[in-house]
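# What the coordinates show
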Amino acid sequence: MATPREHIEEIRKTKFSIGADGLNPLTEDLHQAIKSLSAELYAKDVHFLMELIQNAEDNEYAEGVDPSLEFVITSRDITATGAPATLLVFNNEKGFSPENIESICGIGRSTKKGNRNRGYIGEKGIGFKSVFLITAHPYVFSNGYQIRFSEDPCMHCNLGYVVPEWVDTNPNLSDIKQLYGSASASALPTTTLILPLKADKVQPVKQQLSSIHCELLLFLSKIKKLSVREDNGDPSLDTVSAIEIASETNFVTSKNIDAQSYTVHLSAEESNNAVENECSYYMWKQKFPVRQECRVEKRMEVDEWVITLAFPIGEHLHRGTSSPGVYAFLPTKMVTNFPFIIQADFLIASSRETILLDNIWNKGILDCVPTAFVNAFISLVRSVEDAPVSSLHRIFKFLPVQSSSYEELNVIRESIKAKLVEENIVQENF
């Protein structure tokens, strides 16, 4: 079996004709594909951070490992590329396989295609390539691979983005270990991405890192810990708001009507707040068959809509004044005014700010939300049947009394109200 370095040399030779006699006849096709990628990358308002979190959630983890993702931003130029700041991404996944390496050395060769039903949350397409929005030279250190890519066309084959180059010197493992804070190389997570930032991207990256939402882990099934911090040697120079978020799920589930309920406990510790914030969420997950008239090409392999509603028991965890009310595994920027959160496999705008409200797939999902809510609400009421009447008060706080600024969500609100009246749970004038 080839070593990682031999594998990279083989890719360079056979795929990109570097050091080989004659050109690969497919090189021209790659040229065109890369032109299309570049146009797509910069035409869309892609949220690179969410792409990286999606990738980490889609990764595989060894048994017994608590999956974690850590972002460290530093002003140290550890790649010696003259970068004003560098973002390091640490992930304790199983690590890049030869197939994964082949995938990122190509266009549209994702190893996750057609695996929506297996829990993959990322969309086909941009994925890892989104890092080029913030860096011209991404480095990947994983499972013995030490490679970098370049936005600029390679001098040997005139292709950018996909040609791997072996890294011998900067950055070295001792620099990475120092920033990670580990005493031995073996303590480093399996995969580290090193992203020397473009000068005009330093502030936007810091802003995105500082605004990571506390409830981010709520609907992720793998990642249990996420942290952000800055390392400049001198803490007084730090401008990123550091945070560490952890989630714990109580899988004592009650199952009925193709639904399950469970509790998720989130904790968030911020650098500017000595107190650790905590909140538990009552989760209701229900499956609905996809209606034939709602099928779309991007979700052809999916036969069930899985809708999860999250009810905060106590005050929401949040940074700033508002909390997103709609998730597509990761938060959108949609503030619903509802006292619960809606999660489903929605089709979203590339900016991740909203779901596509006029999309037939999303409309089908939203049509099922009132049924899921009423079932969840009845389950919650039954859970406190033997408790004092005062316990009902906090459950009735989950009713969507306030109207939403989204007309499509007001339709949901009216439907919930009609169903609750029909069940004799509330009176018509609530």
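The preceding data block contains the structure.
Residues numbered from 1 in each chain as written. Predicted model: local features only at pLDDT ≥ 70, side-chain atom pairs only at ≥ 80, totals over all residues. Heavy atoms only, no water.

## Focus: the nonpolar core
Counting 72 residues, the largest nonpolar core has Phe16, Ile53, Phe71, Leu87, Leu209, Leu218 and Leu226 as the members making the most contacts within it. For this core, the element with the highest residue contribution is helix 3 (residues 48-58), accounting for six residues. With residues near it in sequence (within four places) discarded, Leu226 still touches Ile53, Leu69, Phe71, Ile212, Leu216, Leu217, Ile243, Glu244 and Ile245. Core analysis: the second largest hydrophobic core is formed by 46 residues, Trp284, Ile307, Val326 and Ile378 among them. (Core = buried A, V, L, I, M, F, W, Y, C linked by side-chain atoms within 4.5 Å. Buried < 20%, exposed > 50% of the residue type's maximum accessible area, 1.4 Å probe, protein only. Helix = DSSP H or I, 4+ residues; strand = E, 2+ residues; numbered from the N terminus. Contact = heavy atoms within 4.5 Å.)

## Description of the packing of aromatic side chains
One pass over the structure, following the stated rule, counts 13 aromatic pairs. Taking the centre distance of 6.0 Å and the plane angle of 50° together, the rings of Phe311 and Phe373 count as tilted. Separated by 62 residues along the polypeptide, Phe311 in strand 11 (residues 304-313) and Phe373 in helix 7 (residues 360-383) bring together distant segments of the chain. Comparing Phe311 with Phe373, the two get one shared label, buried. Taking the centre distance of 5.2 Å and the plane angle of 85° together, the rings of Phe377 and Phe396 count as edge-to-face. Here Phe396 lies in helix 8 (residues 390-396) and Phe377 lies in helix 7, a separation of 19 residues in the sequence. Here Phe377 falls in the buried class, since its relative accessible area comes to 0%. Residue Phe396 is classed as partly exposed on the basis of its relative accessible area of 33%. A network of ring pairs unites the aromatic residues Tyr282, Phe311, Phe338, Phe340, Phe373, Phe377, Phe396 and Phe398 as a single cluster. (Phe/Tyr/Trp six-rings, centres within 6.5 Å; stacked < 30°, edge-to-face > 60°.)

## Things to note about unusual backbone geometry
Positive phi outside glycine occurs at Asn158, with the angle close to 65°. You can see Asn158 is positioned in the loop between strand 4 (145-148) and strand 5 (165-166). Backbone geometry at Tyr161 places phi at a positive 75°, although glycine is not the residue there. Tracing the backbone through its elements, the reader meets Tyr161 in the loop between strand 4 and strand 5. Judged by its relative accessible area of 6%, Tyr161 is buried.

## Quick word on helix 1 (residues 4-14)
Considered for burial, the residues of helix 1 that qualify are His7, Ile8, Ile11 and Arg12. For helix 1, the buried positions fall inside an angular range of 135° around the axis, keeping them on one side. Among the structural elements, helix 4 (98-104), strand 4 and strand 5 are those in contact with the buried residues of helix 1. (Arc of directions from axis to C-beta.)

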